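Topology and contacts: notes
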Amino acid sequence: MTTPAIPAPDLVVVDRLMKTFDVSPPLITRLATGAKPRMLKAVDGVSFRIAPGRTLSLVGESGCGKTTVARCVAGLQAPSGGTIAYRGVPIADIVAGKSPYRREIQMIFQDPYGSLNPRWRVGRIIADPIRALKLAASGAETDAAVARLLVAVGLSPADARKYPHEFSGGQRQRIAVARALASRPALIVCDEPTSALDVSVQAQILNLMRDLQDEFGLTYLFISHNLSVVDHMSSEVAVMYLGRIVETAHTADLFSAPKHPYTRLLLKAMPSLDQVGAVREPMQGEVPNPIDPPTGCAFHPRCPFAADRCRQERPDLRPLAGGTVACHRAEEIG
Ligand code: SF4
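Residues numbered from 1 in each chain as written. Predicted model: local features only at pLDDT ≥ 70, side-chain atom pairs only at ≥ 80, totals over all residues. Heavy atoms only, no water.

Position of Arg244 relative to the elements: it lies in strand β10 (residues 244-250). Within polar-contact distance, the side chain of Arg244 engages the backbone oxygen of Asp44 at 3.4 Å. Setting aside anything within four residues of it in sequence, one finds Arg244 in contact with Asp44, Val46, Val239, Arg314 and Asp316. (Helix = DSSP H or I, 4+ residues; strand = E, 2+ residues; numbered from the N terminus. Polar contact = N/O pair within 3.5 Å; in protein donor to acceptor, adjacent residues only side chain to side chain. Contact = heavy atoms within 4.5 Å.)

A word on the sheet that holds strand β9 (residues 236-241). One open sheet accounts for eight strands, arranged β6-β7-β8-β3-β9-β10-β12-β11; its pairing is mixed. Each of the sheet's edge strands pairs with one partner strand only, and the pair in question is β6 (105-108) and β11 (318-320). The mean angle between the axes of side-by-side strands here comes to 25°, regardless of whether they run parallel or antiparallel. Here β6 pairs with strand β7 (residues 187-191) via four bridges, running parallel. (Pairing = 2+ DSSP bridges. Axes fitted to C-alpha atoms, helices over the stretch in contact; angles between N-to-C directions.)

Ile126, Val153, Leu181, Ile188, Met209, Leu212 and Tyr220 are the most contacted members of the largest nonpolar core, which totals 37 residues. For this core, the secondary structure elements donating two or more residues are α4 (122-132), α5 (139-152), α6 (169-182), β7, α7 (199-216), β8 (219-224) and α8 (227-233). It is α6 that provides the largest number of residues to this core, a total of seven residues. For Ile188, the residues in contact, after removing those within four places along its chain, are Gln106, Ile108, Ala180, Leu181, Leu218, Thr219, Tyr220 and Leu221. (Core = buried A, V, L, I, M, F, W, Y, C linked by side-chain atoms within 4.5 Å. Buried < 20%, exposed > 50% of the residue type's maximum accessible area, 1.4 Å probe, protein only.)

What follows covers the site of the ligand. Taken together, 13 residues are adjacent to the ligand, and Cys297, Cys303, Cys310, Cys327 and His328 come closest. Comparing atom positions with the cavity grids shows the ligand to sit within the largest cavity. (Near = heavy atom within 4 Å. 1 Å grid on protein atoms, 1.4 Å probe; cavity = no way out; pocket = protein on both sides within 12 Å on 5 of 7 lines; lining within 4 Å. Sits in = over half its atoms within 2 Å of the grid points.)

Positive phi values are uncommon outside glycine, yet Lys134 reaches one of about 55°. Mapped onto the secondary structure, Lys134 falls in the loop between α4 and α5. Unusually for a residue other than glycine, Glu192 sits at a positive phi of about 50°. With respect to the element layout, Glu192 can be found in the loop between β7 and α7. Residue classification places Glu192 among the buried residues on the basis of a relative accessible area of 9%.

Where strand β1 (residues 12-22) meets strand β4 (residues 81-86), five bridges bridge the pair, whose relative direction is antiparallel. Looking at the pairing, Val13 lines up with Ala85 of β4. As defined by bridge partners, β4 adjoins strand β5 (residues 89-90) across two bridges and the pair is classed as antiparallel. Within β5, the residue paired with Ala85 across the bridge is Pro90.

If you want it as structure tokens, here you go:
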């Protein structure tokens, strides 16, 4: 009799994450006009887990809070509430240097040019984390590591001598990936890493990232507004709307049987990575103002299935058919 495998503990556990921003007018204006303080709930009780070696994508329109979640998980922003744990250690402790895990969490940004120091040669950009973290014993070892990383991302060791402006957008994102890999991470938070690139280059970078995931055993938290990118990259998907998760599912299930009306809307508007210029349905309706969200289900002003209950009662995220969904009428619609 074989012993059943013990599942590996989750690498990342996010529990009821909240992030609120004070968007009040200046005090002097409030005193003069009697305006009240205004708070924007960018993230409102988001929970998820990511197992080692998996890719969870957070998807949703601009302003849904996905980038704020990413920045909190990467330790670049402090949550207003809830918890984030990496290997069981609170992210706040990791950021404060109380744990050695800081180097294991890296982030790749949307704009590869803006995230690379234009005055540094590529070799120095990639060597910087290796030197800062003392991951090589000598200058020669650092140079060798930089050369290996450049080759791993499809560039040449000779590119170490060039400056970022000498490269195309796709090549610059390869440099950003090499720099992220330099600290030997386990988790990479990817914030729309291909959305600034030409469609023809997007697939190359996504394929590279998948190959690197296999080669280095990486775990990704992947942020995108583009479901075709999500389909290409993810093992699991969480759909966000106005600061909350409205549906989670394994990627194949989400695409074959979406449960939430918002997910259906996103799928209808989905561009294809290999059908450049193809006509697609535009997204219908506008995202409501997060400072003053609708009552009940926040999606009800755009939802073709909205009923009275939807306007009054906010649906909780609940299990359904192997995933979760926050919709009062998911079974009927399905
Ligand atoms: S709860 Fe109601 S309004 Fe919200 S998505 Fe479901 S059917 Fe639409």
